[in-house]
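Summary of structural features
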Amino acid sequence: MDRALGTLALFVLVFSLPWPVMADTPSPAVDVTVHADQPGPKIDRDLYGQFAEHLGRGIYEGVWVGEGSSIPNTRGFRNDVLAALKALGVPVVRWPGGCFADIYHWRDGIGPRSSRPVTINATWGGVEESNAFGTHEFLDFAELIGARAYINGNVGTGTPQEMADWIEYITSPTRSSLAELRRKNGRDRPWRLPFFAVGNETWGCGGGMRAEHYADVYRNYATFIRGPSDNRPSRVASGANSGDVHWTETLMAQAAGSMDAITLHHYTLPTGRWDHKGPGRGFGEADWIATLQGTLQMDGLIAKHAAVMDTYDPGKRVGLFVDEWGTWYDATPGTNTAFLEQPNTLRDAVAAALNLGIFHAHADRVRMANIAQMVNVLQAMILTDKDKMVLTPTYYVFEMYRPFQDATFLPADVATPAYELASASVPMVQASAARDASGGITLALVNLDPHRSANVKVKIAGALARAVSGRVLTAAAMDAENTFGAPEAVKPAALQGARVDHGGVAVVLPAKAVAVLRIQ
Ligand code: AHR
């Protein structure tokens, strides 16, 4: 049995009946064994990273409204969004793209805003880009929410010189012309710049390159990622699309020595088709299970890429950054389809929880993950409409899972029935566990079944439970969501009935729910 799989390792079909027969079926039994006696790697807090691209209303309106706005703001950043992100403990934010990164020229976004050029966001709808949100604004924003900065450089239409200048502008403590320009533009001290990526999706929107060609391009650029010895960014190579292991293999073979991490992008589309992905709300159960089944593929994908990386880097020095992940649906009707706006429902919360559980199980190699995207785009944490803001079900999963940040992974075996619909089948329950610095155990339980609750019994190998409490996120409908009219329809509540049982824990996990238990 592969413990690395953690949450899905022991998938036992206790019984499976077609859904109509199960309407009156009692809650099935699920047995979870948490191995507190076999601690694994640290779950890097950067697995809870965010991604903010110049795309639709992600930055403009979502984060930046400008100092003159009637929407309450701090130096142009909307206060409600700042407060919500601060409360989430966002560890790292990736910017400015995405595909936008490879058409972005950083010099357009510095200096007095009134003199910045208006450019075209040719990637996302051909709309005007005011460049009001540039380097200073991004790094100021990251500092305001307490996150570390991850900048994605431009390879597609940029040069190594432009990239090297950008890094010097941000990080240099000297009196160089670029450092002095930064001071003239209002920032005396250098910023911290922990991560810098060489292009985005360089196999596609970032330049349409072959892996063999990009490997050389990467080595060229990476040579010029410098900086003061105490502020030198980790060098991140643009990695594979979903299952393209050849890409990872080529980059690892040709350039592993000059990289600190390589990326992986994988999105979940209910139908698996880019021309018709499926609706974000008003979907049926077939779309529900297809979305969750698609999400669970992340486990196998990471395992494949990690196995290739192990061949070239058995010591696991190079991190795998899943720096774009999440659900992707048909755009909300009536919106600009290039803006990638979509509803965020209970289904997204369950999908987010599953992905996070998978990242935990691969924490030995996966050191960063960035959900796409932070505000108003794809599987967003936050939605805004003028002066209104709502927190999505996905936001609440990130908030409930905060104790996992920097905790120690504990393997968990799960004996669970399947949840099935027609030919689709997934484990009914996923579990993920970790121990934090205070010695307490956090256990996340996800019920994928929209109909049946689960009677979960938790054994803890190597520890005795003395107290347990928990919170749960669920709702009556699969597509329940928070709207501007009803912003608190889906939010965490106390999980009733969790109790200590023979040194372990017993709990009834509601249908279609994400629960997080705190076990002392
Ligand atoms: O997140 C939206 C887009 O998806 C990103 O810009 C790109 O990198 C990916 O294809």
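Everything below is about the structure shown above.
To keep things clear, this report deals only with the structure shown in the data block. Sequence order sets the numbering: in each chain, residues are counted from 1 along the sequence as written. Local features in this predicted model are restricted to residues whose pLDDT is 70 or higher, and side-chain atom pairs enter the listing and the counts only when it is 80 or higher, whereas totals over whole chains, interfaces and linings include all residues. Just so you know, side-chain values use all the structure's heavy atoms and leave hydrogens and water out.

**Description of the overall build of the protein**
Stated formally: What counts as a helix is a DSSP run of H or I of at least four residues, what counts as a strand is a run of E of at least two, and both are numbered from the N terminus. Each radius of gyration reported is based on C-alpha atoms, and the globular scaling rule is 2.2 Å times the count of residues to the power 0.38. Buried residues are those whose accessible area, probed at 1.4 Å on protein chains only, stays under 20% of the maximum for their type, while exposed residues exceed 50% and partly exposed ones sit between those limits.
Regarding its fold elements, the protein presents nine helices and 27 strands. For a compact globule of 520 residues, the expected C-alpha radius of gyration is about 24 Å, and the protein comes in at 23 Å, within 12% of that figure. Seen along its three principal axes, the alpha-carbon backbone of the protein occupies a region of about 70 × 50 × 45 Å. In the protein, buried positions account for 60% of the 520 residues.

**Some points on the packing of aromatic side chains**
Counted only if it meets this: Each Phe, Tyr or Trp ring, with Trp reduced to its six-membered ring, pairs with another whose centre is within 6.5 Å; inter-plane angles below 30 degrees give stacked pairs, above 60 give edge-to-face pairs, and intermediate values give tilted ones. The criterion is that NZ of a Lys, or CZ of an Arg, lies within 6 Å of the ring centre and within 35 degrees of the ring normal, and then a charge sits over that ring.
Counted under the stated rule, the structure contains 26 aromatic pairs. Ring geometry for W106 and Y169: centres 5.0 Å apart, planes at 45 degrees, overall tilted. Linking W106 in the loop between β5 (92-95) and β6 (119-121) with Y169 in helix α3 (residues 160-171), this pair joins segments that are 63 residues apart in sequence. Taking the relative accessible area as the measure of exposure, Y169 reaches 0% and is therefore buried. With centroids separated by 6.1 Å and ring planes inclined at 55 degrees, the aromatic side chains of Y214 and Y218 adopt a geometry described as tilted. Pair noted here: Y214 and Y218 are both in helix α5 (residues 211-223), with a separation of four residues, about one helical turn. The class for Y218 is buried, based on a relative accessible area of 0%. Through pairs of rings, three or more aromatic residues link up here, namely W64, F77, W95, F100, Y104, W106, F133, F138, F141, W166, Y169 and F196. The cationic tip of R94 hangs over the ring face of F51; the distance from NZ or CZ to the ring centre is 4.5 Å.

**Description of the site of the ligand**
Cut-off, in case you're wondering: Near residues are defined by distance, with any heavy atom within 4 Å of the molecule or strand qualifying the residue. Side-chain atoms alone can form a polar contact between residues adjacent in sequence; in general such a contact is a pair of N or O atoms within 3.5 Å, and within protein one must be able to donate a hydrogen while the other accepts it. Method for areas: the Shrake-Rupley scheme with a 1.4 Å probe, in which residue coverage is limited to the protein chains shown. Residues are sorted three ways: Asp, Glu, Lys and Arg are charged, Ala, Val, Leu, Ile, Met, Phe, Trp, Tyr, Cys and Pro are nonpolar, and all the rest, Gly among them, are polar.
Around the ligand, the surrounding shell holds 13 residues, and the nearest of these are E53, C99, E201, Y267 and E324. In this structure, an oxygen atom belonging to the ligand sits 3.0 Å away from a side-chain N or O atom of N200. One of the side-chain nitrogen or oxygen atoms of E201 is found 2.8 Å away from an oxygen atom of the ligand. Here the ligand has 280 Å² of accessible area as a free molecule, and 93% of this is covered by the chains. Along the lines of polarity and charge, the residues of the shell around the ligand split into seven nonpolar, three polar and three charged.

**Let's talk about the pairing of strand β13 (residues 366-372)**
For a regular strand, side chains alternate in direction, first toward one face of the sheet and then toward the other. To be explicit about the condition: Two strands pair if DSSP finds at least two bridges between them.
Burial within β13 is extensive, with six of its seven residues counted as buried. Pairing analysis gives three bridges linking strand β2 (residues 49-51) to β13, with the strands arranged parallel. Paired with Q50 across the strands is I371, a residue of β13. Alignment of strand β12 (residues 319-327) against β13, held across four bridges, turns out to be parallel.

**With respect to the pairing of strand β26 (residues 504-509)**
Here β26 lies mainly inside the structure; five of its six residues are buried. Looking at chain direction, strand β22 (residues 454-461) and β26 are connected through five bridges and run antiparallel. Note that in β26 the partner of N455 across the bridge is V508. Relative to β26, strand β25 (residues 499-501) is paired through three bridges, and the arrangement is antiparallel. Looking at β26, one finds that R499 is bridged to A506. The antiparallel pairing of β25 with β26 creates a hairpin that spans two residues between the two strands, and H502 there sits at a positive phi of about 50 degrees.

**A short note on the state of the cysteines**
Rules: By disulfide we mean two sulfur atoms from cysteines, separated by a distance within 2.5 Å.
Within the structure shown, the criterion is met by one disulfide. Sulfur-sulfur distance for the disulfide between C99 and C205 comes to 2.2 Å. Because the torsion about its S-S bond is -85 degrees, the bridge between C99 and C205 counts as left-handed. Residue C99 is located in the loop between β5 and β6, and its partner C205 is located in the loop between β9 (195-198) and α5; the two are separated by 106 residues in the primary sequence.

**Looking at α5**
Heads up, the rule is: Each residue after the first adds 1.5 Å to the expected span of a helix. Here, two residues are considered to be in contact whenever any of their heavy atoms come within 4.5 Å of each other.
In this model α5 runs 18 Å from its N-terminal to its C-terminal C-alpha over 13 residues, within 8% of the 18 Å that 1.5 Å per residue would give. Buried within α5 are the following residues: A211, Y214, A215, V217, Y218, Y221 and A222. Tucked into the core, α5 has its buried residues touching α3, β9, β10 (234-241) and α6 (245-255).

**Here we look at the sheet that holds strand β24 (residues 493-494)**
Put simply, the test is: Axis geometry follows a simple rule: fit a line to the C-alpha atoms, using only the stretch in contact for helices, then measure angles between N-to-C directions, giving values from 0 to 180 degrees.
Read across the open sheet, the six strands follow the order β16-β20-β21-β27-β23-β24; overall the sheet is antiparallel. Bordering the open sheet on either side are β16 (408-410) and β24, each of which pairs with just one other strand. Relative to β24, strand β23 (residues 468-473) is paired through two bridges, and the arrangement is antiparallel. Bridging across to β24, V472 finds its partner in A493. Of the strands in this sheet, β16, β20 (429-435), β21 (441-447), β23 and β27 (513-519) touch helix α8 (residues 346-361), which is tilted by about 50 degrees from β20. Helix-sheet contacts for helix α9 (residues 393-400) involve β23 and β27, and the interaxial angle to β23 is about 165 degrees.

**A word on the packing of helix α7 (residues 285-312) against α8**
A pair of packed helices is characterised by two quantities: the angle between their axes and the separation of those axes. Keep this limit in mind: Working rule for angles: under 35 degrees goes down as roughly parallel, over 145 as roughly antiparallel, 65 to 115 as roughly perpendicular, anything else as oblique. Each helix crossing is assigned a hand: it is left-handed if the near helix lies turned anticlockwise from the far helix by less than a right angle, otherwise right-handed if that turn is clockwise.
At their nearest, the axes of α7 and α8 sit 9 Å apart, and the two run at 15 degrees to each other. If you check the angle between α7 and α8, you find them roughly parallel. Pair α7 / α8 crosses with right-handed handedness. Every residue of α8 that contacts α7 at D287, W288, T291, L292, T295, L296, M298, D299 and I302 is listed here: L346, R347, V350, A351, L354, N355, I358 and F359. Grouping the constituent residues of the contact of α7 with α8 by class yields eleven nonpolar, three polar and three charged.

Fair warning: the whole summary comes from geometry, so function is off the table for now.
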